[in-house]
Amino acid sequence: MSKQTPTLRTNAPLLEDLRALIEQTRWQTAHAVNSALTLLYWRVGQRIRREVLLDKRADYGTQIFATLSQELTKDYGKGFSESALTRMVKFAEVFPDEQIVVTLIRQLSWSHFIEILPLKQPLEREYYAQMCSIERWSVRTLRERIASQLYLRTNISKKPEAIVDHELKSLRATGQMTPDMVFRDPYVLDFLGLPDHYSESDLENRILADMERFLLELGSGFSFVARQKRMSVGADDFYLDLLLYHRHLRRLVALELKLEKFQPAHKGQMELYLRWLDKHERAAGEEAPIGLILCAQADSEQVELLDVQGSNIRVAEYLAHIPDMKLLREQLHRSLLHAQEQSHVALKRDSKT
């Protein structure tokens, strides 16, 4: 009898295991190298900042930067150019705590930090860094989130800075997100390709046809549960447009689509849906369901007076077409300042009572 020659088919499981082992080791090696380089860049920036610039701003050290860059580039290549050293000092300046940097580089690459460093507001940088770490955004996703003004569209940005800082520190320590970090206003739904005139069913159908991109615009952690969820209350049946679930918040999300301006009656409708879901659909260990009303327009004063957040409801506008980002940013800044002023007034009122 002749010996059977081993074939690729007979060794397929072994080959796949070896490939997986090699790929895993290659990824771990690349990740370790990237983390080590990022920490090196932070330490270089910190050393220059402390010992050469004496904690002054980097633009005062032009001549020193040129000399250091010339020597380091000669020995180690263009990764230590004058502009690169300036960026490293900026890195150490805006992230002064080495332990926080060590924690962040478990998920963030140097390319992530390059996108975050130009942001001017410290809380905005902190928000993107922490969300990147928790939701494991790619550099491309981070770039898209920043370009779409995500931070300014979140509810958390509209709170007083002390509260935002506290919530971000809590996020860093526990990894637990709050609804204000998850929900946004407005939502940009230009990818649906809606015509100038459309109905609620057109909007719902387009969302269902492109559910993946819709969930990405809502944010990481959302998953689809049901469409036109029927709820029987007494002799009547009610139908919720979309039922979602958010794994970080551990709660059901009831979503209603409205083509018109937000109306006070929408709150009562959503409260009914939330109470029904809480009674019939909420699973053990879950938080209470939360509602999101997406409408064409919302009056901030009406929303504030109705205290919708006290009923676990969020109201947000949606934009069916790509907005002028400069105008959107200006609008968001105005909304942010108004919301922060209202929060300060409420805090002063509460402190007097």
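This one's a predicted model, so the numbers in the text were calculated from it and none came from an experiment.

## Section: the packing of aromatic side chains
Counted by the stated rule, this structure contains 10 aromatic pairs. With a centroid separation of 5.9 Å and an interplanar angle of 70 degrees, the aromatic rings of Phe 91 and Phe 95 are classed as edge-to-face. One exposure class covers both Phe 91 and Phe 95, and it is buried. A centroid spacing of 4.6 Å and a plane angle of 45 degrees characterise the contact between Phe 91 and Phe 113, whose relative ring orientation is tilted. In this pair, Phe 91 sits in helix α3 (residues 82–94) while Phe 113 sits in helix α5 (residues 110–116), placing the two residues 22 residues apart along the sequence. Look at Phe 91 and you get buried, because its relative accessible area is 0%. An aromatic cluster is built from Tyr 41, Tyr 76, Phe 80, Phe 91, Phe 95, Trp 110 and Phe 113, whose rings are joined through pairwise contacts. Positioned over the ring face of Trp 137 is Arg 145, at 5.3 Å from the centre of the ring.

## Focus on unusual backbone geometry
Here Asp 307, not a glycine, exhibits a phi torsion of approximately 50 degrees, which is positive. The residue Asp 307 is located in the loop between α14 (300–306) and β6 (313–319) in this model. You can call Asp 307 partly exposed: its relative accessible area is 47%.

## Some thoughts on α3
Taking 1.5 Å of rise per residue, the 13 residues of α3 would be expected to cover 18 Å, and the 19 Å separating its terminal C-alpha atoms lies within 8% of that figure. For α3, the set of buried residues is Ala 84, Leu 85, Met 88, Val 89, Phe 91, Ala 92 and Val 94.

## Thoughts on the sheet that holds strand β4 (residues 251–261)
Sheet architecture is open: 6 strands sit in the order β1-β6-β5-β4-β3-β2, paired in mixed fashion. Sheet topology places β1 (187–188) and β2 (222–233) at the edges, where each strand pairs with a single neighbour. This element, helix α13 (residues 264–280), spans β2, β3 (236–246), β4, β5 (290–297) and β6 of the sheet and lies at about 160 degrees to β4.

## Points about the nonpolar core
Residues Phe 95, Tyr 128 and Phe 214 are the most contacted members of the largest nonpolar core, which totals 69 residues. Element by element, the count of residues in this core is highest for α3, at 7 residues. Counting 19 residues, the second-largest nonpolar core is a separate cluster that includes Ala 226, Met 231, Tyr 245 and Ala 254.

## Details of the pairing of β5
Along any regular strand the residues' side chains alternate between the sheet's two faces. When you tally the buried positions in β5, you get 6 out of 8 residues, the bulk of the element. With 7 bridges connecting them, β4 and β5 associate as parallel partners. Paired with Lys 258 across the strands is Cys 295, a residue of β5. Between the parallel elements β4 and β5, the chain passes through α13 in a crossover that is right-handed. Across 5 bridges, β5 lies against β6 in parallel orientation. Its bridge partner lying in β6, Leu 292 is registered against Arg 314. In the classification by handedness, the crossover that spans β5, the intervening α14 and the parallel β6 is right-handed.

## Digging into the environment of Gln 269
With respect to the helices and strands, the residue Gln 269 is situated in helix α13. Look at Gln 269 and you get partly exposed, because its relative accessible area is 27%. Sequence spacing of Gln 269 and Phe 238 is 31 residues, and the spatial spacing of their C-alpha atoms is 9.5 Å. With residues near it in sequence (within four places) discarded, Gln 269 still touches Glu 256 and Lys 258. Within the structure, the side chain of Gln 269 is placed 3.0 Å from the side chain of Lys 258, a separation counted as a polar contact.

Rules used throughout
Numbers given to residues run from 1 along each chain, matching the order in which its sequence is written. With pLDDT at 70 or above as the cut-off, local features in this predicted model cover only qualifying residues; side-chain atom pairs require 80 or more to be listed or tallied, and sums for whole chains, interfaces and linings still use all residues. With hydrogens and water set aside, each side-chain value is computed from the structure's full complement of heavy atoms. Classification of ring pairs uses Phe, Tyr and Trp, with its six-membered ring standing for Trp, and accepts pairs whose centres are within 6.5 Å; under 30 degrees between planes counts as stacked, over 60 as edge-to-face, and the remaining range as tilted. Buried, partly exposed and exposed residues are distinguished by accessible area as a fraction of the type maximum, computed with a 1.4 Å probe on protein chains only: under 20%, between the cut-offs, and over 50%, respectively. A helix here means a DSSP run of H or I that spans at least four residues, while a strand means a run of E at least two residues long, and both kinds are numbered starting from the N terminus. In our convention, an over-ring charge means Lys NZ or Arg CZ found within 6 Å of a ring centre and within 35 degrees of that ring's normal. By this rule the span expected of a helix is its residue count minus one, scaled by 1.5 Å. Note: two strands are recorded as paired if DSSP finds a minimum of 2 bridges between them. For this analysis, residues touch if any pair of their heavy atoms sits within 4.5 Å. Note on geometry: axes are C-alpha line fits, over the in-contact stretch for helices, and angles between N-to-C directions span 0 to 180 degrees. Among buried residues, the Ala, Val, Leu, Ile, Met, Phe, Trp, Tyr and Cys ones that are joined through side-chain atoms within 4.5 Å form a nonpolar core. Orienting the strands away from the viewer, one traces the path from the first strand over the helix to the second; a clockwise path indicates a right-handed crossover. Within 3.5 Å is the distance limit for a polar contact, defined as a pair of N or O atoms, with the added protein rule that one can donate a hydrogen and the other accept it, and that residues adjacent in sequence qualify only through two side-chain atoms.

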